[in-house]
There are 2 protein chains.
Amino acid sequence: MTQPPKRPLTLRDVSDACGVSEMTVSRVLRKRGDVSEATRRRVLAAAKELGYVPNQIAGSLASQRVNLVAVIIPSLSNMVFPEVLNGVNQVLEDTPLQPVVGVTDYMPEKEERVLYEMLSWRPSGVIIAGLEHSDATRAMLKNAGIPVVEIMDVDGRPIDAMVGISHRRAGQEMAKAILKEGYEHIGFMGTKMPLDHRARKRFEGFTEGLAKAGIEIEDRAFYSGGSALAKGREMTQDMLERSPELDFLYYSNDMIGAGGLLYLIDQGIDIPGQIGLAGFNNVELLQGLPRQLATMDACRLEIGQAAARIILNDTLDEPDPDLQTQITLTPTLSLGDTLRRNRKV
Amino acid sequence: MTQPPKRPLTLRDVSDACGVSEMTVSRVLRKRGDVSEATRRRVLAAAKELGYVPNQIAGSLASQRVNLVAVIIPSLSNMVFPEVLNGVNQVLEDTPLQPVVGVTDYMPEKEERVLYEMLSWRPSGVIIAGLEHSDATRAMLKNAGIPVVEIMDVDGRPIDAMVGISHRRAGQEMAKAILKEGYEHIGFMGTKMPLDHRARKRFEGFTEGLAKAGIEIEDRAFYSGGSALAKGREMTQDMLERSPELDFLYYSNDMIGAGGLLYLIDQGIDIPGQIGLAGFNNVELLQGLPRQLATMDACRLEIGQAAARIILNDTLDEPDPDLQTQITLTPTLSLGDTLRRNRKV
DNA sequence: GTGAAAGCGCTAACAC
DNA sequence: GTGTTAGCGCTTTCAC
């Protein structure tokens, strides 16, 4: 780098600096077409010397191709979506594609805005959480003319591609597992989020699963805001004071479940003998608690990977025509230490 | 929306649809200049009817202005950076600016790559974690011709603007607080990350702080990978078996600190009487533990906000010339329940 | 293997 | 208030 330029450098500057046409410089920088080794080296040297950074805005406009993948998720702080992003990143790592993340805070209007802004960059594909969207959002997605992968959930009809698990099914499975261990008096705690459709579906599946055995949830509570761990603690205390007959607590996520677990340990309550517990998500972060909370993983990493693969495939010169675009993954139940009343050891 | 178009719509399509020049359509869509209310409505109606989404690629190229802010951070899973992003988002929320996040995984070469890719989109500014960068990275940052805010840390010389705390100072303060409570046999646990400069500086500050009182760390351990909570648990057990004389454990982050805390509670050890504990970061997530871990907050939200404000100011028609661009924030120490041996209640 | 011309979809600047 | 012209910095296409 000779001198800090005030105006961003252009291809032209590199061209001038090494006496080669802009076109050839462009070819070298994009590693396309045949360029003699000699000129290639000269160009590269000049570009480096000047500190040239290509202008993708101009490049994308000219080539009509943008190597961006829009990833639209409800939240970052949640522990679940960063893991999905990791999956996406892993797959796109050594490709020209780059993920760009937008966050909706579980708000449909914000989802609409964020999508609109992302589409205005003409990305190569969209990965978006959930199957429930506003009409406007669905319309944009349909008309964008690019691959759209709806992720996390498969209980519904996708616009295009879909990768996820059945949360309804997950709730049912958990109900079955709990009943199998002989628990009968069941309480539920979750987020007060009418817009978290996946949590809702899990809850519905759960009650359905119980209903098959003629059992109903005996108490329930919902929270919003605050530290999930603290909320789990408080809510558990409240619920047990209110409904001391309960012998199982199902939490809509691992964090509040962990709060409950810590509270019960504090109280010296026998887990899972007197009371059993389960959460959802298999949050790695929680390994290291005094007991392992029973949970179900949501296949977050795999979902991110599969979604990215679908988008990627579509940008390939020869896309794999057999690549599945509607993928249902199966969550694994971990009994941990809090859901095995009938220990047979 | 009448029909799903195969080719993305252009201004021209809207122009045709409502019998108004492209230029006027453009003005309406960008809410610029004077347009009669009547035509304004016609244009808006047509655009909505067609489902037109503007092409920012073309727009940015023409206007030579890109409303993107590059935010480059080491990690997403860390709990600390999502909070910084929240701060950035809050400030940019109702502005034309949009953050775009890149993750480096604490790797200088990746930082270089990510920055290069982001700069190729010609963003309006860069927010980047840390003051330590490769020569190439520094050169790119210097020559980019846009505002650069280095965040998190102030122990060093910034390229341009800087917002953060002194981690060295934070370590010293913690040492002082610990000594003041009468602890004398101190162990340290942290990540094995030669590239986490802020953790390193905290550690250095900490040992300096102890040294002033003629005290040295008596044991130390470093980990990498895995669940921090579990690691904290294991490492604490190991360290106390190895060095049973220790009466204080300082952890480089709250998560391993929490693991240690849970382990010690398990063991029925008197906290903070027999052993005191402290972490770093003031992670909200941990509220709800049986005891509150002593910690120091890193002003993550404020850092994100201040950094965003600096970039934003620069894009304004009339920037505030007095806006501070080198900001040192002061972390707050929370004693919690694990650092008050000399209780005076 | 290299270069020249055209144009991607929009906006700045100016004319009316 | 509205339209016209030129051109942003690249890549596509085609000529040599």
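In this text, all values refer to a predicted model and were calculated from it rather than measured experimentally.

Novice: Any chance you could explain the UniProt feature "domain: HTH lacI-type" (unreviewed entry) in chain A here in plain terms?
Specialist: Following the UniProt record, one finds the feature "domain: HTH lacI-type" (unreviewed entry) at residues 9–63 of chain A. For residues 9–63 of chain A, the end-to-end C-alpha separation is 20 Å, with 71% helix and 0% strand making up the annotated structure.

Novice: Hey, could you run me through the interface of chain B and chain A in this one?
Specialist: How big an interface is tends to be stated in terms of accessible area lost as the parts join. The interface of chain B with chain A comprises 47 residues on the first partner and 47 residues on the second. In this assembly, chain B packs against chain A so that about 4,500 Å² is buried in total across both faces, 63% of it on carbon and sulfur atoms. If you sort the residues of chain B by the area they bury against chain A, I57, W121 and R122 of chain B come out on top, with a joint share of 15%. Here chain B and chain A share two salt bridges between them. One salt bridge connects K110 of chain B with E93 of chain A, and the closest N-O pair in it is separated by 3.7 Å. Split into classes, the residues belonging to the side of chain B that touches chain A amount to 29 nonpolar, 10 polar and eight charged.

Novice: Is there a simple way to explain the protein's contact with DNA strand C in this structure?
Specialist: Lining the immediate environment of DNA strand C, one finds 24 residues, of which T24 and R27 of chain A together with L11, S26 and Y52 of chain B sit closest. Of all atoms in DNA strand C that approach within 4 Å of the protein, 67% are sugar or phosphate atoms. Interatomic distance of 3.2 Å between a backbone N/O atom of A62 of chain A and a base oxygen of DNA strand C. S26 of chain B places a side-chain nitrogen or oxygen 2.3 Å from a phosphate oxygen of DNA strand C. Residue assignment for the surface near DNA strand C shows that the elements contributing at least two residues are α2 (22–30) and α4 (56–63) of chain A together with α2 (22–30) and α4 (56–63) of chain B. Residue contributions to the surface near DNA strand C peak at four residues, all from α4 of chain B. Residue composition of the surface near DNA strand C, grouped by class: 10 nonpolar, 10 polar and four charged.

Novice: Sorry if this is basic, but what is going on with the protein's contact with DNA strand D here?
Specialist: What surrounds DNA strand D is a group of 24 residues, the closest being M23, S26, R30 and Y52 of chain A together with R27 of chain B. Sugar plus phosphate: this is where 66% of the atoms of DNA strand D within 4 Å of the protein reside. In the environment of DNA strand D, a phosphate oxygen lies 2.2 Å from a nitrogen or oxygen atom belonging to the side chain of S26 of chain A. Here A58 of chain A contributes a backbone N or O atom positioned 3.3 Å from a base nitrogen of DNA strand D. Looking at the surface near DNA strand D, the elements with two or more residues in it are α2 and α4 of chain A together with α2 and α4 of chain B. Each residue belonging to the surface near DNA strand D can be placed in one class, and the counts come to 10 nonpolar, 10 polar and four charged.

Analysis parameters
Residues numbered from 1 in each chain as written. Chains lettered and ligands numbered in written order. Predicted model: local features only at pLDDT ≥ 70, side-chain atom pairs only at ≥ 80, totals over all residues. Heavy atoms only, no water. UniProt positions renumbered as here; feature names shortened; annotations may be inferred. Helix = DSSP H or I, 4+ residues; strand = E, 2+ residues; numbered from the N terminus. Contact = heavy atoms within 4.5 Å. Buried area = accessible area lost by both parts, 1.4 Å probe. Salt bridge = Lys/Arg side-chain N within 4 Å of Asp/Glu carboxyl O. Nonpolar A, V, L, I, M, F, W, Y, C, P; charged D, E, K, R; others polar. Near = heavy atom within 4 Å. Polar contact = N/O pair within 3.5 Å; in protein donor to acceptor, adjacent residues only side chain to side chain.

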